[in-house]
Amino acid sequence: MIQTENVLFTIVMVGYFAAMILYFVFAATRKETLWKAAFGIQAGCLILHTAALVIRGIGAGRLPMTNQYEFATCFAWALCLVSLIFIHKYRFPALGIGAAPVIFLIIGYAAMQSREVRELMPALRSNWLAFHVSTAIISYGAFGVSFAVGIMFLLREKLKEGSYWDQHIPSLQKLDQIGYRSVSLGLLFLTFTILTGAIWAERAWGSYWSWDPKETWSLVTWIIYMVYLHLRLRRGWKGKAAAMFAVIGFICVIFTYIGVNTFLPGVHSYA
Amino acid sequence: MPFAIGLLSVLAIACALSSLVTQGQAYNWYVSKYGERTAAVIIALHADDAYHSGWFLALTGFLCLNLIGCSLVRLPGLIRRFRRMGDPDAMGEPTATEEGINKPESVFETLRMPSPTARKNGEGREELYSAKNRIGLWGAWICHIGILMLILGFALGQWTGKQETVYGVPGQTKLLGDTGLAVTIRDFTVSLREDDTVEQYTADITVTEQDTGRSEDAWISVNNPAKRFGWTFYQNSTGYASRVRVLKDGKDLQEEILCVGESLAVADKPDLIIHFQAFYPDYVMADSGPATRSGQMNHPAWLYLVAYQGQVLGMNALMEGEELTIDEYTVLFDQPRNYTLISAKRDLFTPLALAGGLVTMLGLMLALYVRPASLKAVKDGEAWTVYGRCEKGGVLFAEALRDAADAERKGKPEGKGEQGT
Ligand code: HEM
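Note that the structure is predicted; figures quoted are calculated from it, not measured.

1. Topic: the sheet that holds strand β20 (residues 373-380) of chain B
All names here are of chain B. A sheet is described by the order of its strands in space; here five strands give the open sequence β1-β21-β20-β3-β2, paired in antiparallel fashion. The two strands at the open ends of the sheet, each matched to only one other strand, are β1 (96-101) and β2 (117-120). Neighbour-to-neighbour, the strand axes of the sheet open up by a mean angle of 20°, direction not taken into account. Packed on one face of the sheet, helix α8 (residues 394-409) meets β1, β20 and β21 (383-390) and runs near 5° to β1.

2. Structural notes on the sheet that holds strand β7 (residues 198-209) of chain B
All names here are of chain B. Spatially, β5-β6-β7-β8 is the arrangement adopted by the four strands of the open sheet, whose pairing is antiparallel. Looking at which strands have only one partner, the edges of the open sheet turn out to be β5 (173-175) and β8 (215-221). If you compare each strand with its neighbour and ignore which way they point, the axes differ by 30° on average. Where β7 meets β8, seven bridges bridge the pair, whose relative direction is antiparallel. When the bridges of β8 are listed, Ile-205 appears paired with Ala-218.

3. Description of the interface of chain A and chain B
At the interface, 49 residues of chain A touch 55 residues of chain B. A buried area of about 4500 Å², summed over both sides, lies between chain A and chain B, and 67% of it is on carbon and sulfur atoms. Looking only at chain A, the three residues that lose the most surface to chain B are Arg181(A), Tyr208(A) and Trp211(A), adding up to 15% of its buried area. For the pair chain A and chain B, the number of links is three salt bridges. In this structure, Glu399(B) and Lys174(A) form a salt bridge, with 3.0 Å as the shortest nitrogen-oxygen distance. Counting across the chain A and chain B interface gives eight residue pairs in polar contact (both at pLDDT 80 or more).

4. Focus: the coordination of the iron atom of the ligand
Distances from the iron atom of the ligand to its protein donors, His230(A) (NE2) and His144(B) (NE2), fall at 1.9 Å. Classification of the site at the iron atom of the ligand as octahedral follows from its six donor atoms and the range of 86 to 179° in their angles at the metal. Here His144(B) lies in helix α6 (residues 139-160) and His230(A) lies in helix α7 (residues 213-232), a pairing that spans two chains.

5. What about the packing of helix α6 (residues 172-205) of chain A against helix α7 (residues 350-369) of chain B?
With their axes 10 Å apart at the nearest point, α6(A) and α7(B) run at an angle of 165° to one another. Relative to α7(B), α6(A) is oriented roughly antiparallel. In this structure, α6(A) crosses over α7(B), and the sense of that crossing is left-handed. Where α6(A) approaches α7(B), its residues Tyr180(A), Arg181(A), Ser184(A), Leu185(A), Leu187(A), Leu188(A), Thr191(A), Phe192(A), Leu195(A), Ile199(A) and Glu202(A) are matched on the opposing element by Thr350(B), Leu354(B), Gly357(B), Leu358(B), Met361(B), Leu364(B), Met365(B), Ala367(B), Leu368(B) and Tyr369(B). In terms of residue class, the contact of α6(A) with α7(B) is built from 15 nonpolar, four polar and two charged.

6. Observations concerning the nonpolar core
Here is a general trend for soluble globular proteins: nonpolar side chains tend to be buried in one another's company. Counting 118 residues, the largest nonpolar core has Phe92(A) and Trp222(A) as its most contacted members. A domain-level breakdown of this core finds at least three residues from each of domain 1 (1-115) and domain 2 (123-271) of chain A. When sequence neighbours within four positions are dropped, the list of residues in contact with Trp222(A) reads Leu187(A), Leu190(A), Thr191(A), Ile194(A), Ile147(B) and Thr360(B). Judged by nonpolar contacts, the second largest core, of 21 residues, contains Ala123(A), Leu176(B), Ala203(B) and Val207(B).

7. Some points on the pattern of salt bridges
Applying the stated rule across the entire model yields 25 salt bridges over all chains. The partner of Lys345(B) in a salt bridge is Glu202(A), and the shortest N-O contact between them spans 3.0 Å. Here Glu202(A) lies in helix α6 and Lys345(B) lies in strand β19 (residues 329-346), a pairing that spans two chains. For the pair shown, Lys345(B) and Glu202(A) are each scored as buried. For the salt bridge of Glu209(B) with Arg214(B), the shortest nitrogen-to-oxygen distance reads 3.4 Å. The exposure class of Glu209(B) is partly exposed, given its relative accessible area of 23%. Salt bridges linked by common partners bring Glu5(A), Arg56(A), Arg62(A) and Glu70(A) together as one network.

8. Details of unusual backbone geometry
All names here are of chain B. Within the chain, Gln-309 stands out as a residue other than glycine whose phi angle is a positive 50°. By the secondary structure assignment, Gln-309 is in the loop between β16 (301-308) and β17 (311-319). Given the relative accessible area of 54%, Gln-309 is considered exposed. Even without being glycine, Asp-327 reaches a positive phi, approximately 50°. Judged by relative accessible area, which is 62%, Asp-327 ranks as exposed.

9. Some points on the packing of aromatic side chains
Given two aromatic rings, their pairing is described by the distance between the two centres and the angle made by the two planes. Scanning the entire structure with this criterion turns up 34 aromatic pairs over all chains. Consider the rings of Trp29(B) and Tyr30(B), whose centres lie 5.3 Å apart with planes at 85°: the pair is edge-to-face. Taking relative accessible area as the criterion, Trp29(B) reaches 30% and is therefore assigned partly exposed. Judged by its relative accessible area of 0%, Tyr30(B) falls in the buried class. Ring geometry for Trp138(B) versus Trp141(B): centroids 5.5 Å apart, planes at 85°, classification edge-to-face. Among the residues examined, Trp141(B) registers a relative accessible area of 22% and is labelled partly exposed. Here a set of aromatic residues connected by ring pairs shows up, and it is made of Phe71(A), Phe75(A), Tyr109(A), Tyr140(A), Phe147(A), Phe250(A) and Tyr257(A).

10. Side note on the domain arrangement of chain A
Residues and elements named next belong to chain A. Along its sequence, chain A is carved into domain 1 (1-115) and domain 2 (123-271). The distance between the C-alpha centroids of domain 1 and domain 2 comes to 19 Å. Counting from both sides, the interface comprises 29 residues of domain 1 and, opposite them, 33 residues of domain 2. Carbon and sulfur atoms make up 79% of the surface buried where domain 1 meets domain 2, a total of about 2800 Å² over both sides. Put simply, domain 1 and domain 2 have two residue pairs in polar contact (both at pLDDT 80 or more) between them. At the level of elements, α1 (2-29), α2 (32-60), α3 (68-89) and α4 (95-111) are the ones that each hand at least two residues to the side of domain 1 that touches domain 2. The element contributing the most residues to the side of domain 1 that touches domain 2 is α3, with 10 residues.

11. Regarding the domain arrangement of chain B
What the domain assignment reports for chain B is domain 1 (87-128 + 376-421) and domain 2 (240-340). Spacing between the C-alpha centres of domain 1 of chain B and domain 2 of chain B amounts to 85 Å.

12. Looking at the environment of Met113(B)
Residue and element names in this part refer to chain B. Among the secondary structure elements, Met-113 is positioned in the loop between α5 (104-110) and β2. Remark: the alpha-carbon pair of Met-113 and Ala-131, spanning 18 residues in sequence, is separated by 6.8 Å. Excluding residues within four positions of it along the chain, Met-113 makes contact with Phe-108, Ser-130, Ala-131, Lys-132, Ala-373, Ser-374 and Leu-375.

13. Considerations on the confidence of the model for chain A
In the predicted model, chain A carries a mean pLDDT of 87, and the fraction of residues at 70 or more is 95%. Every residue in residues 267-271 of chain A is under pLDDT 50, and counting partners more than four places away or in other chains gives 15 contacts.

Rules and cut-offs
Residues numbered from 1 in each chain as written. Chains lettered and ligands numbered in written order. Predicted model: local features only at pLDDT ≥ 70, side-chain atom pairs only at ≥ 80, totals over all residues. Heavy atoms only, no water. Pairing = 2+ DSSP bridges. Helix = DSSP H or I, 4+ residues; strand = E, 2+ residues; numbered from the N terminus. Axes fitted to C-alpha atoms, helices over the stretch in contact; angles between N-to-C directions. Contact = heavy atoms within 4.5 Å. Buried area = accessible area lost by both parts, 1.4 Å probe. Salt bridge = Lys/Arg side-chain N within 4 Å of Asp/Glu carboxyl O. Polar contact = N/O pair within 3.5 Å; in protein donor to acceptor, adjacent residues only side chain to side chain. Donors = N, O, S within 2.8 Å, 3.2 Å for Na, K, Ca; no water. Tetrahedral: all angles 85-135°; square planar, octahedral: opposite > 155°, others 65-115°. Parallel < 35°, antiparallel > 145°, perpendicular 65-115°, else oblique. Left-handed = near helix turned anticlockwise from the far one by under 90°. Nonpolar A, V, L, I, M, F, W, Y, C, P; charged D, E, K, R; others polar. Core = buried A, V, L, I, M, F, W, Y, C linked by side-chain atoms within 4.5 Å. Buried < 20%, exposed > 50% of the residue type's maximum accessible area, 1.4 Å probe, protein only. Domains from an automatic or database assignment. Phe/Tyr/Trp six-rings, centres within 6.5 Å; stacked < 30°, edge-to-face > 60°. pLDDT = per-residue confidence, 0-100.

Following this line, the structure appears as structure tokens:
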């Protein structure tokens, strides 16, 4: 089981790397076939990645989302899934140029973590925890996409109108809307994550909110994206400012995910 | 709204900064960690208990006032907008306009609008109109109410909620603080997996209301609390306990169950204290000091400390069967077992906070995913002109309308791309 999972994981990681390179070469040479190949590779890898996660889940007898390695690999999986959906839905192949490096970085981070399958301590054996983590993964994936869209927005702004990229990157207005939609998805799921996390903490410890650093940082992230929503309702704050906000928001997401465990103490640090 | 944005930003920054400071320590702890200067600043700013400090409460209070004010002020306008969406004459500035449509019904259909009502407008021209997802207009408002409920529920819970803990071993009955309830621990099991890791802690308890003598049993384990007499009981944690016997001149003097960290005073010499310092089920002497190899009772050892009139006389580890002798007294540790720590909580406002969370969630879904849209078609000579208005997502809606119109002009009913939802 572990063997198969490891092999699949390696293939997937190499695949994501190859897709990233293809997107970059596409950006440099503008050859249509390249992004199609990259998209195809990512779609194929996503299937293998799903298989790897299912195998791990069966082997462990639970959802494979409870330690740093498992969460990281799921994060990369969700980011890939959400980015492929957005590329397809909004006919926006160049989104891959922004998203693929993030996917690769996260799966690379996963590769550095211990892959040992450990049994769960009693507090972690809860269905609420399963909801909590799976919604977090989707939320992080969507925020990753909003980050990539934000980057594309800032790049697109630098390009001249009427350039080749007009066909492959939507207009600034549309990019802004796509960014808003991805933030909406992320925010909705982040709210779910916080809510299910609170319900779980209430059942496990009798305290649904205790200002643990990870909780606090998820609240900070949530407020930042709320500020993003409110700012957008004001004149002059759509577009560039919103794109920059999406980029900063995702940096906070990453800090909540990696930084808090590394730098700050709290109950979540065993995860 | 600028004030609200400012407040939310300040709150985010305050939370972020406070998370960098370990909360709830004593002044001396901060001095040893950050130095005297920084420690003084931390204490002065209440950063040691930031989330309960006056400034934090004030910020949250302002946020609530702002939310209440904003919700009240916006309510009439919102009701008006909601009503108006049903009225073709009151449709606002269109987001997009498409001309030269022959069969406007198909555009309504492609955009999944409800079937339109037909009428003659003020200028006597034929007109079709429908609106959808009107409920989405309420999203932000509902979300704000949800946040208010959440903050209110949390704050009231913090002020009025009570938490108590008891610990003990099977057979013991203990009072739950001054709640008038007593908890009897009937059984406590730690189930281990094959690899020695803990699978579950389960306590079998009876809760008795002392006034009435009524009692109820409960079975609690981690993640499975139980509610009795208005209190919720949690299996919180565990530790080791042991029987401790004191003999005087070889005769039984006293016998008690001590949990790790507890002490007993010798019955006829209360200045002599035996403190149960630590317990190791599978004792080894490691480089870093005493440790345990596993959770199995393979080689139990008791670490004790003896004090007389506040002076420490000695500290040492006893193996199974070994005894401690102090003058005429002999102290024996045996029958090691697990004790359970049970916490009990009573917070009448948790349901309010939960309801607030759910309402916030509902509001968010409405605000972000139920996009109100209205569509009007007006006959212009032979062909129709279609006006579309979407409260959110203008460009994508305009694109969907254009695709739908293009499809109609080409005679195909289905449009491609984003649906105007
Ligand atoms: C003092 C605090 C706040 C004030 C004064 C405020 C004010 C507003 C206003 C005026 C709107 C526009 C409403 C509309 O279009 O009908 C809005 C939208 C919204 N607010 Fe707030 N708000 C506050 C805090 C919050 C908080 C804490 C949340 C978190 C749940 C929140 C969530 C929303 C959402 C989701 C929207 C809709 C955004 C969108 O449609 O893109 N607000 N807020």
